[in-house]
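Coordinate analysis (summary)
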Amino acid sequence: MTDTLTVSVLGTGIMGAAMARNLARAGHTVRAWNRTRDKAEPLAADGIEITDTPAGAVRGADVVLTMLYDGPAALGVMREAAPALRSGAAWVQSTTAGIEAIGELAGFAREHGLVFFDAPVLGTRQPAEAGQLLVLAAGPSEHRGAVAPVLDAVGARTLWTGEDGAAGSATRLKLVANSWVIATTNAVGEVLALAKALEVDPQSFFDAIAGGPLDMGYLRAKAGLVLNDQLSPAQFGVATAAKDARLIVEAGERYGVRLDVAAASAARLERAAAQGHGEEDMAAAYFASFDEKREE
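Residues numbered from 1 in each chain as written. Predicted model: local features only at pLDDT ≥ 70, side-chain atom pairs only at ≥ 80, totals over all residues. Heavy atoms only, no water.

Here we take up the pattern of salt bridges. Scanning the entire structure with this criterion turns up 13 salt bridges. In this structure, R35 engages E80 in a salt bridge whose closest nitrogen and oxygen atoms are separated by 3.0 Å. Remark: E80 occurs in helix α4 (residues 71-81) and R35 occurs in the loop between β2 (29-33) and α2 (37-40); sequence separation between them is 45 residues. Exposure remark for R35: the relative accessible area of 56% places this residue in the exposed category. Among the salt bridges present, the one from R144 reaches E163, with a minimum N-O distance of 3.6 Å. On the criterion of sequence distance, the pair formed by R144 in helix α7 (residues 144-154) and E163 in the loop between β9 (155-162) and α8 (169-197) is long-range, its members being 19 residues apart. Overall, E163 belongs to the partly exposed group, its relative accessible area being 44%. Linked through salt bridges whose partners overlap, the residues forming this network are R37, E41 and D52. (Salt bridge = Lys/Arg side-chain N within 4 Å of Asp/Glu carboxyl O. Helix = DSSP H or I, 4+ residues; strand = E, 2+ residues; numbered from the N terminus. Buried < 20%, exposed > 50% of the residue type's maximum accessible area, 1.4 Å probe, protein only.)

Given below as structure tokens:
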């Protein structure tokens, strides 16, 4: 297979749109589909063909890349695409789908003769747009060369976690990493909320931990989004983070681990979404510390 491929991108939200653009910039022929076509239309300016159906996007594709909301969404869209899928094509499944869903997605791939890669990514809007994502991938080594040009276009590095995508080793690592990200983001929100309640200048807190082991660039970045009212456009949205937090809790329950912080994080994110912050950056979980009446 040549380095120039025909790639189908199914799902053009924050991450999918950025990935599609980087694939086009790398010289690949890209066709994209999104449930809400209007969200995909701006990609046409980058030379990307926008299709009305998933089947139209995948017809003749060497590689299909899915970046959708969750596992059931990815499976549903691939079922819509099924009549046009080419046997032997590679499927790079980048949706954060959860452990249970990966087996179902891999089963669909087997039924349709697709080479399945479990390939979630670490990163948010900015690294996605810069093509600097970390790709966590599991899949057969003999077929990795076929997807390497795609992974290289969307990411700065690919970390291979296993040979069998169906085993979900990449998804498992993604959930572990996201558990840290989500817990840390919620901790940032609570620190700022407590500082506000106690009339403590947040800068005093930053000064107190400056340069020490408690200081974190991520803390300052997420706090800055809240303090400077820069929660839109989202780097990683509240509603999506809430979904991922629930997947983390479910994974823990499945394997007999109680994840109290993840469960509390999911509840905070869901509360923030219910307050109207679902499309804002996940740092907006800060608002879950206050009832709506108080914030008004």
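Turning our eyes to something else, we now look at the packing of aromatic side chains. As enumerated under the stated definition, the model contains six aromatic pairs in all. Aromatic pair F117 and W160: ring centres 6.1 Å apart, planes at 65 degrees, arrangement edge-to-face. Linking F117 in strand β6 (residues 115-118) with W160 in strand β9, this pair joins segments that are 43 residues apart in sequence. By relative accessible area, which is 1% here, F117 ends up buried. Relative accessible area serves as the criterion here: at 29%, W160 is assigned to the partly exposed category. Summarising the aromatic geometry, the rings of F205 and F206 are spaced 5.7 Å apart at their centres and angled 45 degrees between planes, so their arrangement reads as tilted. On the basis of relative accessibility, which here comes to 29%, the residue F205 falls in the partly exposed class. Take F206: its relative accessible area is 6%, and that puts it in the buried class. Taken together, the ring pairs connect W91, F108 and F116 into an aromatic cluster. Across the ring face of F290, the terminal group of K196 is positioned such that the distance to the ring centre comes to 5.1 Å. The positively charged end of K243 is found above the aromatic ring belonging to Y69, 5.4 Å away from the centroid. (Phe/Tyr/Trp six-rings, centres within 6.5 Å; stacked < 30°, edge-to-face > 60°. Lys NZ or Arg CZ within 6 Å of the ring centre and 35° of its normal.)

By themselves these figures say nothing about function.
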